[in-house]
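Structural characterization, general
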Amino acid sequence: MDVLINVFVGLHIIGIASLLGGFLTQMKAMGAGTARFTPAMLHGALTMLVTGVLLVGFREMDGGTVNHIKIGVKLAVLFVILCLVYVKRDEERVDKALFGTVGALTVVNIFVAVLCR
């Protein structure tokens, strides 16, 4: 079970890297007002959602403890990110504030994961 959990932790990290990487590559475009949500950002958020839910299930099946408040906060933040990226995915330009919000929420999600144990 530990190997399975570690594989999905790796996939979860790949998802966050895709979401954050998509944001970081668009920072210059955000300054110019031409930033857009890339498919990598949507796929990264979806990967995080699926792997995160599976990780919680695996952890509980293995008899481990799960911080449900942390998971709830992370899920709520990810849900907002996913909704924003999904709704605006086909637009050529996304408002700076909206794009920055997705980046900030992604960073918040990372810090919640790391700091709340």
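Our structure's up above, just so we're on the same page.
Computed from a prediction, not measured in an experiment: that's the story for all the values here. (Residues numbered from 1 in each chain as written. Predicted model: local features only at pLDDT ≥ 70, side-chain atom pairs only at ≥ 80, totals over all residues. Heavy atoms only, no water.)

1. What about the side chain of Lys-70?
Relative to the elements of secondary structure, Lys-70 occurs in helix α4 (residues 68-87). Buried charged residue Lys-70 carries no salt bridge. Nearest counter-charge: Glu-60, at 13 Å. Not counting residues within four places of it along the chain, the set of residues in contact with Lys-70 comprises Val-112, Ala-113 and Cys-116. (Helix = DSSP H or I, 4+ residues; strand = E, 2+ residues; numbered from the N terminus. Buried < 20%, exposed > 50% of the residue type's maximum accessible area, 1.4 Å probe, protein only. Lys, Arg positive; Asp, Glu negative; His and termini not counted. Salt bridge = Lys/Arg side-chain N within 4 Å of Asp/Glu carboxyl O. Contact = heavy atoms within 4.5 Å.)

2. Focus: the environment of Phe-23
Here Phe-23 lies in helix α1 (residues 2-25). You can call Phe-23 buried: its relative accessible area is 9%. Taking the C-alpha atoms as reference points, Phe-23 and Ile-71, 48 residues apart in sequence, are found 23 Å from one another.

3. Examining the packing of aromatic side chains
The final tally for this structure, using the stated rule, is three aromatic pairs. An aromatic cluster is defined as three or more aromatic residues linked by ring pairs; in this entry it consists of Phe-23, Phe-37 and Phe-99. Its guanidinium or amino end placed over the ring of Tyr-86, Arg-89 lies 4.0 Å from that ring's centre, counting from NZ or CZ. (Phe/Tyr/Trp six-rings, centres within 6.5 Å; stacked < 30°, edge-to-face > 60°. Lys NZ or Arg CZ within 6 Å of the ring centre and 35° of its normal.)

4. Considerations on helix α5 (residues 96-115)
An ideal rise of 1.5 Å per residue puts 28 Å on 20 residues; α5 measures up with 28 Å between its terminal C-alpha atoms. Taken together, the buried positions of α5 are Leu-98, Phe-99, Val-102, Gly-103, Leu-105, Thr-106, Asn-109 and Val-112. For α5, the secondary structure elements touched by its buried residues are α1, α2 (27-32), α3 (39-61) and α4. (Expected span 1.5 Å × (residues − 1).)

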